[in-house]
Structures are given as structure tokens and as C-alpha cells.
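What the coordinates show
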Amino acid sequence: MIRDIVRDTFFLSQPSVAAERKDVPIAEDLIDTLKANAGRCVGLAANMIGERKCIIAICVGHAYLAMLNPVVVRHAKEQYETSEGCLSLDGERPVKRYAWLEVEYRDLKFKKQRQTFRDFPAEIVQHELDHCAGILI
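Residues numbered from 1 in each chain as written. Predicted model: local features only at pLDDT ≥ 70, side-chain atom pairs only at ≥ 80, totals over all residues. Heavy atoms only, no water.

**With respect to the overall build of the protein chain**
- A tally of helices and strands in the protein chain yields three helices and seven strands.
- Reading the helices (α) and strands (β) of the protein chain from amino to carboxyl end gives α-α-β-β-β-β-β-β-β-α.
- For the protein chain, whose C-alpha radius of gyration is 14 Å, the value lies close to the compact-globule estimate of 14 Å for 137 residues.
- Based on the C-alpha atoms only, the size of the protein chain along its principal axes is roughly 35 × 35 × 30 Å.
- Counting only residues that meet the buried cut, the protein chain has 46% of its 137 residues in that class.
- Long-range contacts, defined here as pairs at least 24 residues apart, represent 64% of the contacts in the protein chain between residues at least 6 apart.
- For the protein chain, the accessible surface area stands at approximately 7200 Å², while carbon and sulfur atoms represent 51% of it.
- When the 19 basic and 20 acidic side-chain charges of the protein chain are each reduced to a single mean position, those positions are 6 Å apart. (Helix = DSSP H or I, 4+ residues; strand = E, 2+ residues; numbered from the N terminus. Rg over C-alpha atoms; globule rule 2.2 N^0.38 Å. Buried < 20%, exposed > 50% of the residue type's maximum accessible area, 1.4 Å probe, protein only. Contact = heavy atoms within 4.5 Å. Areas by Shrake-Rupley, 256 points an atom, 1.4 Å probe, with all protein chains shown as cover. Lys, Arg positive; Asp, Glu negative; His and termini not counted. Charge placed at Lys NZ, Arg CZ, Asp CG, Glu CD.)

And the structure:
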């Protein structure tokens, strides 16, 4: 189901709580909402659709990936500076990001997965993880 995008900064600044197996439908809604906004966004976090759960969805090429309870287990040593926009906020802001990171998460079947992201996909994951932590970018 496609959901409205939350723009309330108070709500968005609250850290998310761990997702459970019963929260998989939220991840599915996140992917539906991401697909509906594909022309203007490449990632979403659950709080952006009104759910304070640690769930993110990203678009890499033509593939959509939902991650429940994603955790960075390794990352590059150095960070680089870039500028990012957000569907929930106006404008762009400067940020520092790692060029690559390895993430553990649960998939839509709630199975544990581990994946490495590089370059722009790594940047997307980091942006959405900030949302889960209540950090506004």
C-alpha cells in the first residue's frame, strides 16, 4: 500500500524501535511507497511513512530491497563529504559518508542477511539508517 510521506520533524527526530516479524507488511508498504516516488527518491525509512520501526527500503538500479533492523558491521576507514536531499525535508544538507559498508539485516522473510554496499547505494543506506536513529539530513 502506498503511504503518505511524513514531514513532521518532531516525529522524524524520534529514534525507531526494532522491527519484529509482524512488521513485514510495513516493509512491503515502504517498497510500494518507494516505487510510487521513484522519480524523486531512492530510499525510505519506515518513520517517513509514519511507522517508528527500524526498517529501510532502497532502490539500486531497478531492484528494490527492504531491510529490517539493519546494522552496520563494517565500513570504510575514511569518510567523504557530500550533499543530500530528503523527501521529508526541503533542500539539501552537507553530510559525511563512508564509501562502503557491510550491513546485517532481516529480509522480508525475516531471514538474516549480510550485504556490502558501495558508492551511491552505500550513501543511500547510511541516509536511511540516520532516519532510523532520528537524525535528520
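**Some thoughts on the environment of A46**
- Secondary-structure assignment places A46 in the loop between β1 (43-45) and β2 (55-60).
- The spacing of A46 and D29 is 17 residues in sequence and 8.9 Å in space, taken between C-alpha atoms.
- Every residue in contact with A46, bar those within four places of it in the chain, is listed here: I26, L30, E51, K53 and I55.

**Details of the nonpolar core**
- If you look at the biggest cluster of nonpolar residues, it comprises 38 residues, and the most contacted ones within it are L44, I55, M67 and V125.
- Elements with a contribution of two residues or more to this core: α2 (24-36), β1, β2, β3 (63-75), β6 (100-106) and α3 (119-132).
- With six residues, the top contributor of residues to this core is α2. (Core = buried A, V, L, I, M, F, W, Y, C linked by side-chain atoms within 4.5 Å.)

**Digging into the packing of aromatic side chains**
- Under the definition given, this model contains zero aromatic pairs.
- Directly above the ring of Y64 sits K35, whose terminal nitrogen or CZ lies 5.3 Å from the centroid. (Phe/Tyr/Trp six-rings, centres within 6.5 Å; stacked < 30°, edge-to-face > 60°. Lys NZ or Arg CZ within 6 Å of the ring centre and 35° of its normal.)

**Comments concerning the side chain of R97**
- If you trace the backbone, R97 turns up in strand β5 (residues 89-98).
- Of the residues examined, R97 reaches a relative accessible area of 4% and is grouped as buried.
- Residues within four places of R97 in sequence aside, it is in contact with E78, Q79, Y80, T82, E84, E123, Q126, H127, D130 and I137.

**Observations concerning the sheet that holds β2**
- Taken together, five strands build an open sheet; the order of strands is β1-β2-β3-β6-β7 and the sheet is antiparallel. Each of the sheet's edge strands pairs with one partner strand only, and the pair in question is β1 and β7 (112-118). The average angle at which neighbouring strand axes cross in this sheet is 40°, direction not considered.
- Pairing between β3 and β6: five bridges, direction antiparallel. (Pairing = 2+ DSSP bridges. Axes fitted to C-alpha atoms, helices over the stretch in contact; angles between N-to-C directions.)

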